[in-house]
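# Examination of the molecular architecture
Here's the letter readout for the chains.
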Amino acid sequence: MPAQAVAGERTTRPTMYVMVGLPASGKTTRAREHEAERVTARFATEPGTTFELGPQDPHAYRALFQAPTQDEVWSPAGGPPPSGHPTWTSRAAERWPTSTS
């Protein structure tokens, strides 16, 4: 049964793509092309939920990604934010800018 649409909410379910093939057969190239196609399509159909990216932007953002430490992943919620941050949201916005937008 399809989900009921709520204003501003996406109604499509996530899709996982699995790519298989021989080495050097073009899997990575096709995956990058497909990624660009999906980003372009989403920007065209849902401009308020995303922003336009150039071909190299995803690679630049991946290079900036900082994985959380084990302490950050497993620490219980409710503790005080790190020093220099009035809230956990301000900490998240600094460390992972897209997590709070």
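Treat the numbers as computed from the prediction; the structure is a model and nothing was measured. (Residues numbered from 1 in each chain as written. Predicted model: local features only at pLDDT ≥ 70, side-chain atom pairs only at ≥ 80, totals over all residues. Heavy atoms only, no water.)

## Considering the overall build of the protein chain
Along the protein chain, the regular secondary structure elements total four helices and zero strands. Helices (α) and strands (β) of the protein chain occur, in sequence order from the N terminus, as α-α-α-α. The burial tally for the protein chain puts 7% of its 101 residues in the buried class. (Helix = DSSP H or I, 4+ residues; strand = E, 2+ residues; numbered from the N terminus. Buried < 20%, exposed > 50% of the residue type's maximum accessible area, 1.4 Å probe, protein only.)

## Concerning the pattern of salt bridges
Taken as a whole, this structure holds three salt bridges when the rule is applied. Measuring nitrogen to oxygen at the nearest pair gives 2.6 Å for the salt bridge that ties E35 to R62. Linking E35 in helix α1 (residues 27-45) with R62 in helix α2 (residues 57-64), this pair joins segments that are 27 residues apart in sequence. Looking at R62, the relative accessible area reads 49%, which means it is partly exposed. Here the salt bridges share partners, and the residues they tie into one network are R30, E33 and E37. (Salt bridge = Lys/Arg side-chain N within 4 Å of Asp/Glu carboxyl O.)

## Structural notes on unusual backbone geometry
Positive phi, close to 65°, is recorded for A24, a residue that is not glycine. Its location among the elements puts A24 in the segment before α1. A relative accessible area of 86% means that A24 is categorised as exposed.

## Notes on a nonpolar patch on the surface
Side chains of M16, V18 and V20 sit close together on the surface and give an oily, nonpolar patch of about 400 Å² of accessible area. Within the secondary structure, V18 sits in the segment before α1. Among the residues examined, V18 registers a relative accessible area of 64% and is labelled exposed. (Patch = residues over 30% accessible without salt bridge, like charges linked within 9 Å, V, L, I, M, F, W, Y side chains within 5 Å. Areas by Shrake-Rupley, 256 points an atom, 1.4 Å probe, with all protein chains shown as cover.)

## With respect to the confidence of the model for the protein chain
Within the protein chain, residue pLDDT values average 79, and 80% of them lie at 70 or more. By mean pLDDT, helix α3 (residues 70-74) is the weakest element of the protein chain at 78, and α1 is the strongest at 88. Across residues 1-6, where pLDDT falls below 50, the model places three contacts with residues more than four positions away in sequence or in other chains. (pLDDT = per-residue confidence, 0-100. Contact = heavy atoms within 4.5 Å.)

## Here we look at the side chain of R91
Among the secondary structure elements, R91 is positioned in helix α4 (residues 88-95). Filtering out sequence-adjacent residues up to four positions away, R91 remains in contact with E72, P82 and H85.

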